[in-house]
Amino acid sequence: LRYGFCDDSIVGFATAGYSVLLFTEDIQLASHIGKVSESLVEESPTKHALRARLCDELLITLKMITEPCHSVVALFPELYNSAMMAGDVENAIICRRCYCGGSFWTGTSNLLSLYKHCVQCIQEATKYQHTTSLYSMMVTFNALLHLSGETNSDVDVKSYDELDAIGERTNSAALIWNSFMCRMSSHFWMREYIAVAKLSEKYSEKHP
């Protein structure tokens, strides 16, 4: 800021707020810095690029700690559009994936509507070869199919076991954990408690 205000100044300020949360756990200060950063983004002539670039720090983290999850999830479609306008395909796909995942876990979208969004996300992640979002979305989609009873004929989706194998092969703890949580939660919501117990036991043995 001392030598001139630019996009990197906003990025640095937002990152500072993110760091405050991670290393000091001062939620109030981190949230305040996040809100100021967000205001600066909106005033910038390159706000679409900045929105995409800072979606993780400002939205997923700094807003989620102080605002209701469903209200934060509702912002992702606009962020997706901003990212695409800026040509930031990677963050656009991440925003779409977060919208689908957030909608699933908060129940802010009916299953039929969510099914369509998930199909679009999987198709887009496949097109742009964004494998992290692709596999994460497949996990959510499997849980959605289990809960809705829908028959998938729109996209090729790997099974839970196939996704677990990919997670083991690539050492992706996030994918393994996401697969476990979606599988267990869908069994629980369907009152398949024996399946929940068996899955929990299997996971505990493999990941003590």
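What you see is a predicted model, and the numbers here were worked out from it, not measured in a lab.

A. The environment of Asn-142, seen in detail. Within the fold, Asn-142 resides in helix α9 (residues 131-148). You can call Asn-142 buried: its relative accessible area is 14%. Spatially, the C-alpha atoms of Asn-142 and Lys-206 are 22 Å apart, while their sequence positions differ by 64 residues. Beyond its immediate sequence surroundings of up to four residues, Asn-142 is in contact with Val-157, Lys-158, Ser-159, Tyr-160 and Leu-163.

B. Region of interest: empty space enclosed by the protein. Counting across every chain of the model gives one cavity of 30 Å³ or more. Reported here for the largest cavity is a volume of approximately 70 Å³. Forming the walls of the largest cavity are Ser-31, Gly-34, Lys-35, Glu-38, Leu-58, Leu-62, Lys-63, Thr-66 and Glu-67. Mapped onto the lining of the largest cavity, the elements with two or more residues apiece are α2 (27-43) and α4 (55-63). For the lining of the largest cavity, the element with the highest residue contribution is α2, accounting for four residues.

C. Geometry of helix α1 (residues 7-24). For α1, with 18 residues, the first-to-last C-alpha span of 25 Å sits near the 26 Å given by 1.5 Å per residue. If you check which residues of α1 are buried, you get Ser-9, Ile-10, Val-11, Ala-14, Gly-17, Val-20 and Leu-21. Positive backbone phi, at 60°, marks Glu-25, one or two positions downstream of α1.

D. Spotlight on helix α12 (residues 193-206). In this model, α12 (14 residues) spans 20 Å end to end at C-alpha, consistent with the 20 Å of a helix rising 1.5 Å per residue. Its buried side turned inward, α12 meets α11 (173-189).

E. Structural context of the confidence of the model for the protein. Mean pLDDT over the protein: 89, with 98% of residues reaching 70 or higher. Here α4 stands out as the least confident element of the protein, with mean pLDDT 75; helix α10 (residues 160-170) is the most confident, with 95.

F. Examining the pattern of salt bridges more closely. The full count for this structure, using the stated rule, is nine salt bridges. Residue Arg-53 is joined to Asp-8 by a salt bridge in which the shortest nitrogen-to-oxygen separation is 3.5 Å. Of this pair, Arg-53 sits in helix α3 (residues 47-53) while Asp-8 sits in helix α1; the two residues are 45 residues apart in sequence, bridging distant segments of the chain. Put simply, Arg-183 and Asp-164 hold a salt bridge, and the shortest N to O gap is 3.1 Å. A residue pair is termed long-range when its members are at least 10 positions apart, and Arg-183 in helix α11 and Asp-164 in helix α10 qualify at 19 residues. By relative accessible area, Arg-183 is classed as buried at 14%. One network of salt bridges, in which partners are shared, links Glu-38, Lys-63 and Glu-67.

G. Local environment of the packing of helix α7 (residues 89-106) against helix α8 (residues 111-127). Their axes nearest at 10 Å, the elements α7 and α8 cross at an angle of 150°. Judged by the inter-axis angle, α7 sits roughly antiparallel to α8. The way α7 lies across α8 gives a crossing that is left-handed. Taking contact as the criterion, the partners of Ile-93, Arg-96, Arg-97, Tyr-99, Cys-100, Ser-103 and Phe-104 in α7 are, on α8, Leu-114, His-117, Cys-118, Gln-120, Cys-121, Glu-124 and Ala-125. Tallied by class, the residues present in the contact of α7 with α8 amount to eight nonpolar, three polar and three charged.

H. Main features of the packing of aromatic side chains. Taken as a whole and judged by the stated rule, the model has eight aromatic pairs. Connected via pairs of aromatic rings, a cluster forms that spans Phe-104, Trp-105 and Trp-189.

I. Broad picture of the layout of surface pockets. In this structure, the largest pocket occupies an estimated 580 Å³ of space. Taken together, 24 residues line the largest pocket, and the ones lying closest to its centre are Arg-97, Cys-98, Ser-136, Thr-140 and Asn-178. Sorting the residues of the lining of the largest pocket by element identifies α5 (69-73), α7, α9, α10 and α11 as the ones contributing at least two each. Of the residues in the lining of the largest pocket, the class split is 13 nonpolar, 10 polar and one charged.

Reading guide: rules and limits
- Residues numbered from 1 in each chain as written.
- Predicted model: local features only at pLDDT ≥ 70, side-chain atom pairs only at ≥ 80, totals over all residues.
- Heavy atoms only, no water.
- Helix = DSSP H or I, 4+ residues; strand = E, 2+ residues; numbered from the N terminus.
- Buried < 20%, exposed > 50% of the residue type's maximum accessible area, 1.4 Å probe, protein only.
- Contact = heavy atoms within 4.5 Å.
- 1 Å grid on protein atoms, 1.4 Å probe; cavity = no way out; pocket = protein on both sides within 12 Å on 5 of 7 lines; lining within 4 Å.
- Points joined across faces, edges and corners; volume = space filled by probe spheres on them.
- Expected span 1.5 Å × (residues − 1).
- pLDDT = per-residue confidence, 0-100.
- Salt bridge = Lys/Arg side-chain N within 4 Å of Asp/Glu carboxyl O.
- Axes fitted to C-alpha atoms, helices over the stretch in contact; angles between N-to-C directions.
- Parallel < 35°, antiparallel > 145°, perpendicular 65-115°, else oblique.
- Left-handed = near helix turned anticlockwise from the far one by under 90°.
- Nonpolar A, V, L, I, M, F, W, Y, C, P; charged D, E, K, R; others polar.
- Phe/Tyr/Trp six-rings, centres within 6.5 Å; stacked < 30°, edge-to-face > 60°.

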